[in-house]
There are 4 protein chains.
Amino acid sequence: MDREQRRTEILKAAEDVFARLGYHGAGIADIIDRAGVARGTFYLYFESKRHVFEQLLDKFFEIIRSQVRRIDVSRGPDAVLEQIRGNATRVIDAILLHRSLGKILLSEAVGLDEECDEKLLSFYARLLALIEGALRLGIDGGIVRPCDPRVVALCILGTMKEVLYHGIMKPNDLPRETLAEEILQYNLRGLLRPGGVSQTRDGGL
Amino acid sequence: MDREQRRTEILKAAEDVFARLGYHGAGIADIIDRAGVARGTFYLYFESKRHVFEQLLDKFFEIIRSQVRRIDVSRGPDAVLEQIRGNATRVIDAILLHRSLGKILLSEAVGLDEECDEKLLSFYARLLALIEGALRLGIDGGIVRPCDPRVVALCILGTMKEVLYHGIMKPNDLPRETLAEEILQYNLRGLLRPGGVSQTRDGGL
Amino acid sequence: MDREQRRTEILKAAEDVFARLGYHGAGIADIIDRAGVARGTFYLYFESKRHVFEQLLDKFFEIIRSQVRRIDVSRGPDAVLEQIRGNATRVIDAILLHRSLGKILLSEAVGLDEECDEKLLSFYARLLALIEGALRLGIDGGIVRPCDPRVVALCILGTMKEVLYHGIMKPNDLPRETLAEEILQYNLRGLLRPGGVSQTRDGGL
Amino acid sequence: MDREQRRTEILKAAEDVFARLGYHGAGIADIIDRAGVARGTFYLYFESKRHVFEQLLDKFFEIIRSQVRRIDVSRGPDAVLEQIRGNATRVIDAILLHRSLGKILLSEAVGLDEECDEKLLSFYARLLALIEGALRLGIDGGIVRPCDPRVVALCILGTMKEVLYHGIMKPNDLPRETLAEEILQYNLRGLLRPGGVSQTRDGGL
DNA sequence: GATGAATGAGCTTTCATTCAT
DNA sequence: AATGAATGAAAGCTCATTCAT
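Remember, predicted model here, so these are calculated numbers, not experimental data.

Now for the overall build of chain A. Within chain A, the secondary structure is distributed over ten helices and zero strands. In chain A, the succession of helices and strands from N to C terminus is α-α-α-α-α-α-α-α-α-α. Viewed in the frame of its principal axes, chain A has a C-alpha envelope of about 65 × 35 × 30 Å. The burial tally for chain A puts 53% of its 205 residues in the buried class. When the accessible surface of chain A is split by element, carbon and sulfur atoms take 53% of a total near 9,800 Å².

Now the structure itself:
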C-alpha cells in the first residue's frame, strides 16, 4: 500500500518532468529531485528511465481507452452521432485533465527507443483501426459519405491530436467546449457552407 | 562557391541521418561518415549539431512557403477552391518529394531545445495564421460555414500533418493522389453524406 | 545460543555464495536470499561484506590448522615420512570436504582489501614457516637432500594449492587418493626415475 | 605510429594500475590519471575496462609462449633436461621481467568475467597439456618415473606459480638464479636425499 | 531482534566540441 | 581549409550500508 503510494509519487514526478523537459531533456536527477527521493530509490521502483516512460505511456493509453464506449448502431443515425460526440468529449476532457501525460504522448512522437516506438505506433494503429471500422459502418449505413476510410481515419486522428496539443499547450486560449464542439462540427461537416458552392466532385473541384 | 558546395553536402548528409535516426539518435559521427568529411570540418561549416538541425528546418520552411500562392478571392468561390486545391497539392507534393525533411519536421515535433522549439512553433504559428486568414475570408465571403477559424485552422493543419506523416512513413501504402484528394474532400465536406442526417445543430448533435 | 545459530546460518550461506560467485560477484542480496534473512539482519551479525569474508577465511584456517599434527622426529626417517603423509592426507581430505571454503581461499587469491590480503598472506606465511621448519629438520636429519628450504617450501605449497584447486573445481576428474598419493610421491621423489639420468649437478643439468 | 605509441602508454598505465590495485580495485580514473590522458581518450583506444584487461592477458600469454621452445628428444636424456632447464629459465626470467603482468596473471586468478575466466582457464589448460605431453614422452623414454601425468603436470604448474608469485611480490628476497635452480632441482629430484630412505612404495611410505 | 525501504557515493561509458598539426 | 586525436562534463545505473518502524 505504502509501496504503491511511493511508486505513484515517483511516477507523478516523472510525468511532470517528462512533460516539461521531454524524454531526452529529462534526467534521472530531475525526476528524483522533484520526487524528493534518492537515486537508489528511483531504481527500487523502476528498472530504468525508459521503463518509467513506458509506464506513463501505458497509463495514458489506459485512460484514453477507458473513455471510449462501444457504439450502438441500432438506435438510428442521430443516436450514433450522439454517442460519437460522447466518446469524443470524454476523450478530450480526459486528455485535458491529464495535461502532462497528454503532452508527453503528443510531443514525443517517436524515435525514443524501439520498444517505445512500437508502443506508440501500436496505440495509434489500434486507434486508427477503431476509427476506420466506425467509418466503414457509417458508409455502409449511409450516414457517412463515400470516402477512403483509411485516409479519413488519419484525418480524424490528425484533427484530434493537433487541437488537443494546442489545448494542452495553451490551456486558457480556447474553452474546452469550443474545442470539442468545433472538432466535431468540422469532422462531420467540413468547411463548406451547405449549398454554398457546387458540390459535385467533378464540377466543383 | 566551393565552400557553399561543401556546406550543402554536409547538410544533405545531416538530412538523411536525422531522418533515419532522429535528432537524438543521430551523432556527429553519423553525419560526417555519410558526408565523407572529418570531424573538424563539420564544425567549420556549422556551429553545432543543433545548428545544422535548425538549418534543415529553415530549408524545409522555405520549401513549404514557396509552394503557397496567395489566393485571389475576386474570381468567385469555385476559383478560390481551385486555388486552395492548388496550394494543398503543391505542398503535399513538395513534402512527399522531400521525404527526409518531412520526416524530420513531423517526427521531432518539439522538445529538442528552446530555440528549435521556437522555430517550429513560429513556423506553425505562421502557417496557422495563414490558414486562419483564409478561413475568415471564406466565412465573410459566404463560402465557408460559420465556425471558429482558430480551431478549424488547427484541424486543417492536423489533417495535413497526420496524412503526410503516414505518406512519408509508408510511401507505397496509399497513392499520393488519393491522399491529396481525400484530405481536400474531407476538409471541405467533412464526414456526413449531404442530407444524410439532420443538419440542425440542436437537433442533430 | 539462538543468536549463534543464526550467525552460523548466515555464514554458511555466505560460504556457498562466495564459492559460487566469488567475492566481487557476490552481493549482499545473494547472501541474504540464500540465508533467508532480511538485509538488516545480516548487518546485525556482521559488520560488512568484507567482515563475513574474513570470518570465512578464519574458519578455513582453523580447519586446516587442526589437521596438522606436530611431527615427532625421534622415531626414525620412515616414521617421519609416515607422519608427513598423515598430515598431507588429512589436509587434503579436509579441503576436499569443505569445497566451498577451499574454492574461496584458492580463487580469491589476493587483492580484495588490505586487511584480507594481510590475513591470507599471514596464513600462507605461517604455513610456509611450518613447512620450512620441517624441511630444515629433514635436511639436518639427512632425510631431505640439501636445498634452499624457503624456495622448496614454496614449491610444496604450490603443488598443494594447484592440485587441490583442480580437485575442487573438477571433483570427479581424479580420485582423491590419486591426488594425495601423487602429490606425495612427487614431492618426495620429483620427476626423475632413480638412476635414469646422471645425477651430478654439473654433469647432468 | 603515434597512435600505437599512445595505445602502449595507456596499456602500460593499465598494467601498473591493475598490478597495484587488482582488477576490481582499479578504476578507469586510476588508469587515465597514471597515463595522463582524458577519460574519453581511454575509450578511444580501448572498448572497455574489461577489454584492456584482456589485452594485458593476451600480451602476457604471448610473452610466455614465446619463451618456450619445442623440445628435441633425439639428443639423449641429458640434452632433454638441458632444454627443459632452458625453457624454465626463460619463462621465469620473462615473468620476473614483467612483474606487473605476472602479478596480474597470478593474482586475478579467476572470477572477473566469463570471457576473462575462459581466457585464463584455456591458457592454463594449454600449458598443462604441454607439460603433460612432455611428461608422457619422458615416461615412455624412461627418463621420468612412472606417475599420473595429469596430477604431476598440476604439481609442476603449481610450483612455478607459487615460486614466481613470491619472486614477484618480494623481488629482493631471493635471487632469481636460486629460484630457477631450486624449482628445477625440486621438480626433478623431489625432496628426498638419494638413497636416504627406503624407496619401495609399500615399505617406505 | 528483525525488517526492508531508503540512501548516495561511486562506477563505467558516451559524445558534442575543441585545437594542435 | 582540413584533419582527427583529445577532451571532460554529464549521463544512467549499482550496491554496500543505514535506520525508522
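That covers the picture; the talk isn't over yet.
What follows covers the side chain of Asp16 of chain D. Tracing the sequence through the fold places Asp16 of chain D in helix H1 (residues 2-25). Residue classification places Asp16 of chain D among the buried positions, given a relative accessible area of 15%.

Residue and element names in this part refer to chain D. Here Asp148 shows up in the loop between helix H7 (114-140) and helix H8 (149-169). No salt bridge forms around the buried Asp148; measuring N to O, its nearest opposite-charge neighbour Arg150 is 5.6 Å away. A distance of 2.9 Å separates a polar atom in the side chain of Asp148 from the backbone nitrogen of Arg150.

Attention shifts here to the protein's contact with DNA strand E. Around DNA strand E, 32 residues are found, and the nearest of them are Gly40, Thr41 and Tyr45 of chain A, Arg39 of chain B together with Arg39 of chain D. Sugar and phosphate atoms represent 54% of those atoms of DNA strand E found within 4 Å of the protein. Here a phosphate oxygen of DNA strand E sits 2.6 Å away from a polar atom, N or O, in the side chain of Thr41 of chain A. For the surface near DNA strand E, the secondary structure elements donating two or more residues are helix H3 (39-45) of chain A, helix H3 (39-45) of chain B, helix H1 (2-25) and helix H3 (39-45) of chain C together with helix H3 (39-45) of chain D. Taken together, the residues of the surface near DNA strand E sort by class into 13 nonpolar, ten polar and nine charged.

Let's shift gears to the relation of the copies chain D and chain C. The operation relating the two chain copies consists of a rotation about an axis and a shift along that axis. Rotating chain D by 178° and moving it 0.1 Å along the rotation axis overlays it on chain C with an RMSD of 0.4 Å. The operation mapping one copy onto its partner corresponds to a two-fold rotation axis.

We now examine the domain arrangement of chain A. Residues and elements named next belong to chain A. Here the domain parsing of chain A yields domain 1 (1-46) and domain 2 (49-190). Between the C-alpha centres of domain 1 and domain 2 the distance comes to 28 Å. Of the roughly 1,500 Å² buried at the junction of domain 1 and domain 2 (both faces included), carbon and sulfur atoms supply 67%. Viewed at the interface, domain 2 and domain 1 are joined by one salt bridge. Among the salt bridges present, the one from Lys59 reaches Glu15, with a minimum N-O distance of 3.2 Å. Where domain 1 meets domain 2, there are five residue pairs in polar contact (both at pLDDT 80 or more). Counting residues per element, the side of domain 1 that touches domain 2 draws most heavily on helix H1 (residues 2-25), which supplies eleven residues. Here the residues of the side of domain 1 that touches domain 2 sort into nine nonpolar, two polar and four charged.

Let us now look at the pattern of salt bridges. All names here are of chain A. The final tally for this structure, using the stated rule, is 67 salt bridges over all chains. Ionic pairing is found between Lys119 and Glu54, a salt bridge with its closest N-O pair at 3.0 Å. Placement of the pair is Lys119 in helix H7 (residues 114-140) and Glu54 in helix H4 (residues 49-67), with a sequence separation of 65 residues. Residue Glu54 is classed as buried on the basis of its relative accessible area, which comes to 7%.

So, on to the packing of helix H1 (residues 2-25) of chain B against helix H4 (residues 49-67) of chain B. Residues and elements named next belong to chain B. Between H1 and H4, the shortest axis-to-axis distance is 10 Å and the interhelical angle comes to 100°. Compared by their axis directions, H1 and H4 come out roughly perpendicular. Counted together, Arg7, Leu11, Ala14, Glu15, Phe18, Tyr23 and His24 of H1 and Lys49, Arg50, Val52, Phe53, Gln55, Leu56 and Lys59 of H4 form the full contact between these two elements. A per-class count over the contact of H1 with H4 returns seven nonpolar, two polar and five charged.

It is worth spelling out the protein's contact with DNA strand F at this point. Residues in contact with DNA strand F amount to 32 residues; listed here are only the nearest, Arg39 of chain A, Thr41 of chain B, Arg39 of chain C together with Gly40 and Tyr45 of chain D. Separating a phosphate oxygen of DNA strand F from a side-chain N or O atom of Thr41 of chain B is a distance of 2.6 Å. Contributions of two or more residues to the surface near DNA strand F are made by H3 of chain A, H1 and H3 of chain B, H3 of chain C together with H3 of chain D. Of the residues assigned to the surface near DNA strand F, the class counts are 13 nonpolar, ten polar and nine charged.

On to helix H8 (residues 149-169) of chain A, then. Residue and element names in this part refer to chain A. Its 21 residues place the ends of H8 30 Å apart at the C-alpha level, agreeing with the 30 Å of an ideal helix rising 1.5 Å per residue. The buried count for H8 comes to 18 of 21 residues, which makes it a mostly enclosed element. The N-cap residue of H8 is Asp148: its side-chain oxygen and the backbone nitrogen of Arg150 are 2.9 Å apart.

By a simple turn and slide, chain A fits onto chain B: the slide is 0.1 Å along the axis, the RMSD is 0.4 Å, and the turn is 178°. Here 98% of the interface residues in chain A have copies in chain B that are interface residues too; the copies meet face to matching face.

Scoring rules and cut-offs
Residues numbered from 1 in each chain as written. Chains lettered and ligands numbered in written order. Predicted model: local features only at pLDDT ≥ 70, side-chain atom pairs only at ≥ 80, totals over all residues. Heavy atoms only, no water. Helix = DSSP H or I, 4+ residues; strand = E, 2+ residues; numbered from the N terminus. Buried < 20%, exposed > 50% of the residue type's maximum accessible area, 1.4 Å probe, protein only. Areas by Shrake-Rupley, 256 points an atom, 1.4 Å probe, with all protein chains shown as cover. Lys, Arg positive; Asp, Glu negative; His and termini not counted. Salt bridge = Lys/Arg side-chain N within 4 Å of Asp/Glu carboxyl O. Polar contact = N/O pair within 3.5 Å; in protein donor to acceptor, adjacent residues only side chain to side chain. Near = heavy atom within 4 Å. Nonpolar A, V, L, I, M, F, W, Y, C, P; charged D, E, K, R; others polar. Least-squares fit on C-alpha atoms with pLDDT ≥ 70 in both. Domains from an automatic or database assignment. Buried area = accessible area lost by both parts, 1.4 Å probe. Axes fitted to C-alpha atoms, helices over the stretch in contact; angles between N-to-C directions. Parallel < 35°, antiparallel > 145°, perpendicular 65-115°, else oblique. Contact = heavy atoms within 4.5 Å. Expected span 1.5 Å × (residues − 1).

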